[in-house]
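For reference, the chains in residue letters:
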Amino acid sequence: MPVQISPSILSADFARLADECAAVAGTADWLHVDVMDNHFVPNLTLGLPVVESLLKAVSTPIDCHLMIEDPDRWAPAYAEAGAGSVTIHVEAAKAPIRTLRTIRAAGARAGLGVNPATPVEAFEDLLPELDMLLLMTVEPGFGGQRFLDVVLPKVRRARELIDKHGGSVWLQVDGGVSAETIERAAEAGADVFVAGNAVYGAQDPAQAVRNLRAQAEGAR
Ligand code: DX5
Ligand code: ZN
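All of the points below concern the structure found in this document. Please read all numbers here as calculations on a predicted model, not as lab measurements.

What counts and what doesn't
Residues numbered from 1 in each chain as written. Chains lettered and ligands numbered in written order. Predicted model: local features only at pLDDT ≥ 70, side-chain atom pairs only at ≥ 80, totals over all residues. Heavy atoms only, no water. Near = heavy atom within 4 Å. Polar contact = N/O pair within 3.5 Å; in protein donor to acceptor, adjacent residues only side chain to side chain. Areas by Shrake-Rupley, 256 points an atom, 1.4 Å probe, with all protein chains shown as cover. Helix = DSSP H or I, 4+ residues; strand = E, 2+ residues; numbered from the N terminus. Nonpolar A, V, L, I, M, F, W, Y, C, P; charged D, E, K, R; others polar. Donors = N, O, S within 2.8 Å, 3.2 Å for Na, K, Ca; no water. Tetrahedral: all angles 85-135°; square planar, octahedral: opposite > 155°, others 65-115°. Axes fitted to C-alpha atoms, helices over the stretch in contact; angles between N-to-C directions. Parallel < 35°, antiparallel > 145°, perpendicular 65-115°, else oblique. Left-handed = near helix turned anticlockwise from the far one by under 90°. Contact = heavy atoms within 4.5 Å. Buried < 20%, exposed > 50% of the residue type's maximum accessible area, 1.4 Å probe, protein only. Arc of directions from axis to C-beta. Phe/Tyr/Trp six-rings, centres within 6.5 Å; stacked < 30°, edge-to-face > 60°. Lys NZ or Arg CZ within 6 Å of the ring centre and 35° of its normal. Pairing = 2+ DSSP bridges. Right-handed = clockwise from strand over helix to strand, strands pointing away.

1. So, the site of ligand 1
Working step 1: The immediate surroundings of ligand 1 are formed by 21 residues, with G141, G144, D174, G176 and G196 found nearest.
Working step 2: One nitrogen or oxygen atom from the side chain of H32 is found 3.3 Å from an oxygen atom belonging to ligand 1.
Working step 3: D174 places a side-chain nitrogen or oxygen 2.7 Å from an oxygen atom of ligand 1.
Working step 4: Bound to the protein, ligand 1 loses 99% of the 380 Å² it would expose on its own.
Working step 5: Element by element, the count of residues in the shell around ligand 1 is highest for strand 2 (residues 31-36), at three residues.
Working step 6: Across the shell around ligand 1, the residue classes tally to eight nonpolar, eleven polar and two charged.

Spelled out as structure tokens, the structure:
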């Protein structure tokens, strides 16, 4: 799988969301949308109405990261609305297999998110149900945090598990990914990189995406 870059609009200017998304159109592979409910994580962001509006306003596929309680109830609507990828958290889902299958049946890629302290091995048998495994490289809830190097061995182990199962599942890292850290994550086996501050904190977000992609490709 070639390197893919998914800028997180959590670090964008929410009053100018369509313009901020347009700034990386044609350069980014995805737009990463962090849905937070102030229960699963201690922060509140946006939800389905905003995602529906973005889907009308932008051409880049949308990568929804649901940091919410009860994703079993809410995730299918994001897929039905037209998100290209919908990720639920394993710590929150009560029926992850059913929900992942519902996401796929609605035409989206199904993702499973794993927090820094959650082991990945327990989910090996779920890999056939997944299109993407998201390994958090910060504690979820906020942009602009420091990349947790302690997660890198888990990225390596996840890469081995995915390769053992045919290698078709994408391996996403999310949190603190920047020019300083993306090479370590790529070397460990990640192929989809979420970057918030490193893209939207840059003078030229599109150039930041190109630079991150070049670094990740060079490290693999
Ligand atoms: C954190 C979010 C991330 C965040 C990444 O809970 O899931 O997607 O926006 O932002 P940076 O790249 O600034 O860490
Ligand atoms: Zn995210």
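2. Considering the coordination of the zinc ion (ligand 2)
Working step 1: Listed as protein donors to the zinc ion (ligand 2) are H32 (NE2), D34 (OD), H65 (ND1) and D174 (OD); their distances from the metal cover 2.0 to 2.3 Å.
Working step 2: The coordination sphere of the zinc ion (ligand 2) comprises six donor atoms, whose angles at the metal cover 71 to 171°; the geometry is octahedral.
Working step 3: Donor residues for the zinc ion (ligand 2), ordered by position in the chain, follow H-x1-D-x30-H-x108-D. Taken together, the residues D34 in strand 2 and H65 in strand 3 (residues 62-67) connect sequence positions 31 residues apart.

3. Structural notes on the packing of helix 2 (residues 48-57) against helix 3 (residues 71-81)
Working step 1: At a minimum axis distance of 10 Å, the contact between helix 2 and helix 3 shows a crossing angle of 15°. Classified by the angle between their axes, helix 2 and helix 3 sit roughly parallel to one another. In this structure, helix 2 crosses over helix 3, and the sense of that crossing is right-handed. In this structure, helix 2 contributes L48, V51, E52 and L55 to the contact, and helix 3 contributes A77, Y78 and A81.
Working step 2: Along the lines of polarity and charge, the residues of the contact of helix 2 with helix 3 split into six nonpolar, no polar and one charged.

4. Structural notes on helix 3
Working step 1: What helix 3 keeps buried is the set P71, D72, A75, P76, Y78 and A79. Considered in projection along helix 3, the buried side chains sweep an arc of 160° and stay on one side of the axis. Summarising the geometry of helix 3, the exposed residues directed more than 90 degrees from the buried face are R73 and E80.
Working step 2: Positive backbone phi, approximately 120°, marks G82, located one or two places after helix 3.

5. Let's talk about the packing of aromatic side chains
Working step 1: According to the stated counting rule, one finds one aromatic pair in the structure shown.
Working step 2: Between the aromatic rings of W30 and W170, the centroid separation amounts to 6.0 Å while the plane-to-plane angle is 70°, which identifies the pairing as edge-to-face. In this pair, W30 is assigned in the loop between helix 1 (17-22) and strand 2 and W170 in strand 7 (residues 170-174), connecting sequence segments 140 residues apart.
Working step 3: Judged by its relative accessible area of 10%, W170 is buried.
Working step 4: The positively charged end of R109 is found above the aromatic ring belonging to W170, 3.4 Å away from the centroid.

6. Quick look at the sheet that holds strand 8 (residues 192-195)
For sheets, the rule is that strands pair by backbone hydrogen bonds, running either parallel or antiparallel.
Working step 1: The eight strands are arranged 1-8-7-6-5-4-3-2 in an open sheet whose pairing can be described as parallel. At either end of the open sheet lies a strand with only one pairing partner, and these are strand 1 (4-7) and strand 2. If you compare each strand with its neighbour and ignore which way they point, the axes differ by 25° on average.
Working step 2: Here strand 4 (residues 85-89) runs beside strand 5 (residues 109-114); their pairing, made up of five bridges, is parallel. Each bridged residue has a counterpart across the sheet, and for H89 the counterpart in strand 5 is G113.
Working step 3: Those strands touched by helix 3 are strand 2, strand 3 and strand 4, and its axis lies near 170° from that of strand 4.

7. Quick word on the pairing of strand 5
Working step 1: Counting buried residues in strand 5 gives five out of six residues, a clear majority hidden from the surface.
Working step 2: As a crossover connection, the stretch from strand 4 through helix 4 (residues 96-105) into strand 5 is right-handed.
Working step 3: When strand 5 meets strand 6 (residues 132-136), the two strands line up parallel, connected through four bridges. Across the sheet, V114 pairs through a bridge with L135, a residue of strand 6.

Everything listed here is a matter of coordinates, which is why it stays silent on function.
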